[in-house]
Amino acid sequence: MIQTKNKQPIKEISHQDIYEVYDVWEQLQSWQEVLPVLEKFFEDKERPVNKQQIAKKYYACSQIFTVFYLDFSQSMKKMEKQLLELRSKKKV
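Bear in mind the structure is a predicted one, so any value in this text is a computation, not a measurement.

Visitor: For the side chain of Q82, give the residues involved together with the corresponding values.
Guide: In this structure, Q82 sits in helix α3 (residues 51-87). The exposure class of Q82 is buried, given its relative accessible area of 8%. A polar side-chain atom of Q82 sits 3.4 Å from the main-chain carbonyl oxygen of E20.

In structure tokens, the structure reads:
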């Protein structure tokens, strides 16, 4: 049996397990380009007085956030499930 320095058994993790976690990580990484758009909108202190333009931008940003939040929530649940499965894998 293979053991760590602390005499603990090493868990058996397949390449498929690693790829699944990596896929979720990539999915979360894909938001790095979109989220700065929201950040820019909400940190903008020099907003125009044009209420119609503000409403349009707010609506667009709310749609981006809604999609992000749903995707992020699903990804977190998926990753939590994968991590729990990895923790329960048999030890070699």
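Visitor: I'd love a proper account of a nonpolar patch on the surface, names of residues and values included.
Guide: A cluster of nonpolar side chains, F65, Y69 and L70, forms an exposed patch at the surface whose accessible area comes to about 330 Å². Within the secondary structure, L70 sits in helix α3.

Visitor: Explain a negative patch on the surface residue by residue, including any values.
Guide: Taken together, the side chains of E39, E43, D44 and E46 present a region of like negative charge at the surface. Within the element layout of this structure, E46 appears in the loop between α2 (35-43) and α3.

Visitor: Describe the packing of aromatic side chains, with residues and values.
Guide: Evaluated as defined, the whole model comprises five aromatic pairs. With centroids separated by 5.4 Å and ring planes inclined at 35°, the aromatic side chains of Y22 and W25 adopt a geometry described as tilted. One end of the pair is Y22 and the other is W25, both in helix α1 (residues 15-29) and three residues apart, which spans about a single turn. Seen in terms of ring centroids, W31 and F68 are 5.0 Å apart; in terms of plane orientation they differ by 75°. Their pairing is edge-to-face. Pair noted here: W31 is in the loop between α1 and α2 and F68 is in helix α3, with a separation of 37 residues, a long-range link. Classification of F68 by relative accessible area gives buried; the value is 13%. Cluster of aromatic residues (ring-pair linked, three or more members): W31, F65, F68, Y69 and F72.

Conventions we followed
- Residues numbered from 1 in each chain as written.
- Predicted model: local features only at pLDDT ≥ 70, side-chain atom pairs only at ≥ 80, totals over all residues.
- Heavy atoms only, no water.
- Helix = DSSP H or I, 4+ residues; strand = E, 2+ residues; numbered from the N terminus.
- Buried < 20%, exposed > 50% of the residue type's maximum accessible area, 1.4 Å probe, protein only.
- Polar contact = N/O pair within 3.5 Å; in protein donor to acceptor, adjacent residues only side chain to side chain.
- Patch = residues over 30% accessible without salt bridge, like charges linked within 9 Å, V, L, I, M, F, W, Y side chains within 5 Å.
- Areas by Shrake-Rupley, 256 points an atom, 1.4 Å probe, with all protein chains shown as cover.
- Salt bridge = Lys/Arg side-chain N within 4 Å of Asp/Glu carboxyl O.
- Lys, Arg positive; Asp, Glu negative; His and termini not counted.
- Charge placed at Lys NZ, Arg CZ, Asp CG, Glu CD.
- Phe/Tyr/Trp six-rings, centres within 6.5 Å; stacked < 30°, edge-to-face > 60°.

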